[in-house]
Amino acid sequence: MVASSVTQSGIRRVTSWQLVGAQLRHFRQLAGLTQAALAEQAGVGEDTIASIRAGATGAPVGPDRSAR
């Protein structure tokens, strides 16, 4: 489910980040991966995957340097 806001005219607005998050969840589940497994394969932290999934803007998407 993608979070959205409803305008006065009743039109639902969804941000690009929310769509990316929903697609990430869909394809992650389709591949049978947990957020932790996806984060490991992508070389990022679980918090990064969670931020993207939540539709947070400005989510860090570079390699997780703390894991090295």
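Residues numbered from 1 in each chain as written. Predicted model: local features only at pLDDT ≥ 70, side-chain atom pairs only at ≥ 80, totals over all residues. Heavy atoms only, no water.

*Asks:* Can you walk me through the overall build of the chain in this structure?
*Replies:* Counting secondary structure elements, the chain contains 3 helices and 2 strands. Walking the chain from its N terminus toward its C terminus, one meets helices and strands in the order β-β-α-α-α. When the 68 residues of the chain are sorted by exposure, 18% land in the buried category. Surface summary for the chain: the accessible area is close to 5000 Å², and the carbon and sulfur share equals 54%. (Helix = DSSP H or I, 4+ residues; strand = E, 2+ residues; numbered from the N terminus. Buried < 20%, exposed > 50% of the residue type's maximum accessible area, 1.4 Å probe, protein only. Areas by Shrake-Rupley, 256 points an atom, 1.4 Å probe, with all protein chains shown as cover.)

*Asks:* When you look at the side chain of R28 in this model, what are you seeing that I'm missing?
*Replies:* Position of R28 relative to the elements: it lies in helix 1 (residues 16-30). Buried charged residue R28 carries no salt bridge. Nearest counter-charge: E46, at 9.4 Å. In terms of polar contacts, R28 uses its side chain to reach the backbone carbonyl oxygen of L33, at 2.9 Å. Setting aside residues up to four positions removed in sequence, R28 forms contacts with L33, T34, Q35 and L38. (Lys, Arg positive; Asp, Glu negative; His and termini not counted. Salt bridge = Lys/Arg side-chain N within 4 Å of Asp/Glu carboxyl O. Polar contact = N/O pair within 3.5 Å; in protein donor to acceptor, adjacent residues only side chain to side chain. Contact = heavy atoms within 4.5 Å.)

*Asks:* What's the story with the packing of helix 2 (residues 35-42) against helix 3 (residues 46-53) in this structure? I'm lost.
*Replies:* Between two packed helices, what matters for the description is the angle formed by their axes and the separation of those axes. Packing of helix 2 against helix 3 brings their axes to within 8 Å, and their N-to-C directions diverge by 110 degrees. One finds that helix 2 runs roughly perpendicular with respect to helix 3. Note that helix 2 runs across helix 3; the crossing there is right-handed. Of the residues in helix 3, those in contact with Q35, A36, L38 and A39 of helix 2 are E46, I49, A50 and R53. Across the contact of helix 2 with helix 3, the residue classes tally to 5 nonpolar, 1 polar and 2 charged. (Axes fitted to C-alpha atoms, helices over the stretch in contact; angles between N-to-C directions. Parallel < 35°, antiparallel > 145°, perpendicular 65-115°, else oblique. Left-handed = near helix turned anticlockwise from the far one by under 90°. Nonpolar A, V, L, I, M, F, W, Y, C, P; charged D, E, K, R; others polar.)

*Asks:* Explanation requested: helix 3 in the structure shown.
*Replies:* Helical geometry: 3.6 residues make up each α-helical turn, so side chains three or four residues apart lie on a common side. Restricting attention to buried positions, one finds in helix 3 the residues T48, I49 and I52. All buried residues of helix 3 lie within an arc of 100 degrees about the axis, which places them on one face of the element. Those residues of helix 3 hidden inside the fold are in contact with helix 1 and helix 2. Residue G55 follows helix 3 closely and has a positive phi angle near 80 degrees. (Arc of directions from axis to C-beta.)

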